[in-house]
Amino acid sequence: MQLYSTKNRDIQVDLKQAVFQGLPEDNGLFMPNDIPRLPQSILDNLSHLSFSEIGFHISKTLFQGAIPDQDLKEIIDKAINFPAPIVQLDDQKYILELFHGPSLAFKDFGARFMAQLMSYFNRGEDQELTILVATSGDTGGAVAAGFHKTPGIRVVILYPSGKVSALQEKQLTTLGHNITALEVDGTFDDCQALVKQAFLDQELRSKTRISSANSINISRLVPQSFYYFEAYKQVQKTTEDIVFCIPSGNFGNLTAGLLAYKMGLPVHQFIAATNRNDVVPSYLQDGDYQPRPSIRTLSNAMDVGNPSNFARMVDIFSAAKGKGIPSDQGIWEGMNKLISGFSFNDQETEQAVKYIFDTYNYLIDPHGAVGYLALDAYQKQHPNTKGIVLETAHPAKFKEDMDRVIGKEIPVPERLLALSDRVKEATSMSIDYTSFRTWLIENL
Ligand SMILES: *Cc1c(COP(=O)(O)O)cnc(C)c1O
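These notes cover the structure that comes with them. (Residues numbered from 1 in each chain as written. Predicted model: local features only at pLDDT ≥ 70, side-chain atom pairs only at ≥ 80, totals over all residues. Heavy atoms only, no water.)

### Describing the packing of helix 6 (residues 138-147) against helix 7 (residues 166-173)
Then comes step 1: Interaxial distance between helix 6 and helix 7 falls to 8 Å at its minimum, and their mutual angle equals 30°. As summarised for this structure, helix 6 and helix 7 are arranged roughly parallel, according to the angle between their axes. Crossing geometry of helix 6 relative to helix 7 is assigned as left-handed. Contact residues: helix 6 offers Asp138, Gly140, Gly141 and Ala144, while helix 7 offers Gln168, Gln171 and Leu172.
Then comes step 2: The class makeup of the residues in the contact of helix 6 with helix 7 is two nonpolar, four polar and one charged. (Axes fitted to C-alpha atoms, helices over the stretch in contact; angles between N-to-C directions. Helix = DSSP H or I, 4+ residues; strand = E, 2+ residues; numbered from the N terminus. Parallel < 35°, antiparallel > 145°, perpendicular 65-115°, else oblique. Left-handed = near helix turned anticlockwise from the far one by under 90°. Contact = heavy atoms within 4.5 Å. Nonpolar A, V, L, I, M, F, W, Y, C, P; charged D, E, K, R; others polar.)

This is how it looks when you write it as structure tokens:
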């Protein structure tokens, strides 16, 4: 399997390099040279395949021999070891629950798969590999859980002191073993700046093996395509068109849906649901892409003003046109045919959380609620469709807001309750690069 940079197709790397490097040097994003269709026999027989078998066939088709079958099976069995069940709300609306992993958000799929791939490609190296991650909360928890106890790999997480939720902090600081948390006396941007400086520090890099686990790594995208097929499998006995509605921030999840579509998933339409950070829905309206600073909302994992995967979406619709470079107009038209965009504010989101609880007795988190609203708006114009909303996080992750909106305490799953008894272990760190560097040299 070969991948190119979205900024320059002549930059070509193999899967291993794309996984370890994360980003091409020209700051583009890695994309596979080919996105082949799944064999027809697989598409026809989805209902007889388990979730992990589906994942195996997708990665085998995409990776084209980069990893032998038996090893690939093991990677998937370890990474995808929790379900993605469908819950039916009514005749037209379904919820795909993506929060059954260790950090209770869909990012577990990407983080766990990336951890297994890195561990696989890292075999035979004598020197330990250290993953540096800066987190504003959610990603760090998924990455920590994904790499926990992975042989040969250590994870150092930098998080801004006092700026993550109590629950997120527990997820970052209580695992131990190969996971170390650094509590930085600064903001998320300061954490990110420290990590960037370490990567630019050639002398440090000659002494240590460091890599990143950022969200635009191609290995985080691939497993997210698995659950689109898994969802389709669970509702496919239908004559109506299937639409997927994706609560979006950086648009990795939606891009993974496009990957699934290119591999043969019969999707009628994708719906991009955003909060007031509506750069993509407004681009779909008028063809003008205008990134801007993000606004804080209730669905804060979607507070993104310049979605990092937009370049991949553009690339997919450029490729779709075939020969030559399509005009911006062509890309916009192609995207508009397949993706509808909607955005909602916090007040509408809260009303939806309450409405879904009162009507269906279903607890949906604020991100999923934005998705529900978008699907509902779409289906008012397209009544003969079946819609699947991706529920990206467990509602208990947002307990305070949920309790307030619902008007009573919502239940918390056992594995979250257990976290509160665990003891935080974190090393304090200033925003000064020299002290971070000294710590790395002494501890790696
Ligand atoms: C990260 C995240 C999103 C946004 O996903 P993207 O792939 O960045 O669009 C939505 N909901 C939750 C709960 C998330 O953690």
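Next comes the rest of the account.
### What to know about the nonpolar core
Generally speaking, a soluble globular protein has its nonpolar side chains buried in company with each other.
Then comes step 1: Of all hydrophobic cores here, the largest spans 98 residues; its most connected members are Phe63, Phe147, Tyr227, Tyr228, Phe229, Phe244 and Ile339.
Then comes step 2: Counting residues per element, this core draws most heavily on helix 10 (residues 218-235), which supplies ten residues.
Then comes step 3: Excluding residues that lie within four positions of it along the chain, Phe229 makes contacts with Leu38, Leu43, Leu46, Ile54, Ile58, Ala260, Met263, Gly264 and Leu265. (Core = buried A, V, L, I, M, F, W, Y, C linked by side-chain atoms within 4.5 Å. Buried < 20%, exposed > 50% of the residue type's maximum accessible area, 1.4 Å probe, protein only.)

### Topic: the pairing of strand 8 (residues 179-184)
Then comes step 1: Within strand 8, six of the six residues are buried, which leaves the element mostly enclosed by the surrounding structure.
Then comes step 2: Burial of strand 8 is two-sided: the residues Ile179, Ala181 and Glu183 facing one way and the residues Thr180, Leu182 and Val184 facing the other way are all buried.
Then comes step 3: Of the pairings in the sheet, the one linking strand 7 (residues 153-160) to strand 8 comprises six bridges and is parallel in character. Bridged to Ile157 within strand 8 is Ala181.
Then comes step 4: Handedness of the β-α-β unit built from strand 7, helix 7 and strand 8 comes out right-handed. (Pairing = 2+ DSSP bridges. Right-handed = clockwise from strand over helix to strand, strands pointing away.)

### Describing the side chain of Arg112
Then comes step 1: Its place among the elements puts Arg112 in helix 5 (residues 107-121).
Then comes step 2: For the buried Arg112, no salt bridge is present, and the opposite-charge side chain at shortest range is Asp108, 6.2 Å distant.
Then comes step 3: Those residues in contact with Arg112, other than ones at most four positions away along the chain, are Lys78, Ala79, Asn81, Phe82, Pro102, Ala145 and Gly146. (Lys, Arg positive; Asp, Glu negative; His and termini not counted. Salt bridge = Lys/Arg side-chain N within 4 Å of Asp/Glu carboxyl O.)

### Describing the side chain of Ser248
Then comes step 1: Along the chain, Ser248 falls in the loop between strand 10 (241-247) and helix 11 (252-262).
Then comes step 2: When its relative accessible area of 3% is taken as the criterion, Ser248 is described as buried.
Then comes step 3: Among residues more than four places away in sequence, those in contact with Ser248 are Leu254, Ala273, Thr274 and Met302.

### A short note on the sheet that holds strand 3 (residues 30-32)
Then comes step 1: If you trace the three strands from one edge of the open sheet to the other, you get 2-1-3, paired in antiparallel fashion. On the outer flanks of this sheet lie strand 2 (8-14) and strand 3, each paired with one strand and no other. Adjacent strand axes in the sheet meet at a mean angle of 40° when their direction is disregarded.
Then comes step 2: Bridge count between strand 1 (residues 2-5) and strand 3: three bridges; the pairing is antiparallel. Its bridge partner being in strand 3, Tyr4 is matched across the sheet by Met31.

### Points about the packing of aromatic side chains
Then comes step 1: Counting across every chain of the model gives 18 aromatic pairs.
Then comes step 2: Relative to Tyr360, the ring of Tyr355 has its centre 6.5 Å away and its plane inclined at 90°; by these criteria the two rings are edge-to-face.
Then comes step 3: A residue is classified by how much of its surface remains accessible, and Tyr355, at 43% relative accessible area, is partly exposed.
Then comes step 4: Residue classification places Tyr360 among the partly exposed residues on the basis of a relative accessible area of 21%.
Then comes step 5: Here Tyr355 and Tyr372 contribute two aromatic rings whose centre-to-centre distance is 6.4 Å and whose plane-to-plane angle is 45°, an arrangement assigned as tilted. Residue Tyr355 is located in helix 15 (residues 346-360), and its partner Tyr372 is located in helix 16 (residues 366-381); the two are separated by 17 residues in the primary sequence.
Then comes step 6: Put simply, the rings of Phe51, Phe82, Phe109, Tyr227, Tyr228, Phe244, Tyr261 and Phe270 pair up and form one aromatic cluster.
Then comes step 7: Here the guanidinium or amino end of Arg9 rests over the ring plane of Tyr4, the centre of that ring lying 4.1 Å away.
Then comes step 8: The ring of Phe56 carries the charged tip of Lys73 above its face, separated from the ring centre by 4.5 Å. (Phe/Tyr/Trp six-rings, centres within 6.5 Å; stacked < 30°, edge-to-face > 60°. Lys NZ or Arg CZ within 6 Å of the ring centre and 35° of its normal.)

### Some words on the site of the ligand
Then comes step 1: Taken together, 15 residues are adjacent to the ligand, and Lys107, Gly249, Asn250, Phe251 and Thr392 come closest.
Then comes step 2: Take Gly249: an N or O atom from its main chain is 2.8 Å from an oxygen atom of the ligand.
Then comes step 3: Measuring from an oxygen atom of the ligand, one finds a backbone N or O atom of Gly252 at 3.1 Å.
Then comes step 4: Burial of the ligand by the protein amounts to 96% of the accessible area it has alone, namely 380 Å².
Then comes step 5: Across the shell around the ligand, the residue classes break down as six nonpolar, seven polar and two charged. (Near = heavy atom within 4 Å. Polar contact = N/O pair within 3.5 Å; in protein donor to acceptor, adjacent residues only side chain to side chain. Areas by Shrake-Rupley, 256 points an atom, 1.4 Å probe, with all protein chains shown as cover.)

### Quick notes on the pattern of salt bridges
Then comes step 1: What the rule picks out here adds up to 16 salt bridges.
Then comes step 2: For Lys424, the salt bridge goes to Glu169, with nearest N and O atoms at 3.0 Å. Here Lys424, found in the loop between helix 18 (414-419) and strand 14 (427-429), pairs with Glu169, found in helix 7; they are 255 residues apart in sequence, far enough to count as distant.
Then comes step 3: Taking the relative accessible area as the measure of exposure, Glu169 reaches 18% and is therefore buried.
Then comes step 4: Its salt-bridge partner being Lys207, residue Glu203 comes within 2.9 Å of it at the nearest N-O pair. Of this pair, Glu203 and Lys207 are both found in helix 9 (residues 202-207), four residues apart, which corresponds to roughly one turn of the helix.
Then comes step 5: By relative accessible area, Glu203 is classed as partly exposed at 47%.
Then comes step 6: Its relative accessible area of 44% is what places Lys207 among the partly exposed residues.
Then comes step 7: A single network of salt bridges, built from pairs that share partners, joins Asp201, Glu203, Lys207 and Arg437.

### Here's the deal with helix 12 (residues 279-286)
Then comes step 1: Within the sequence span of helix 12, burial applies to Val279, Val280, Pro281, Tyr283 and Leu284.
Then comes step 2: Looking at the buried positions of helix 12, the neighbouring elements they touch are strand 11 (269-274), helix 13 (310-319), helix 14 (328-338) and strand 12 (339-343).
Then comes step 3: With its phi angle positive at about 75°, Gly287 sits one or two positions after the end of helix 12.

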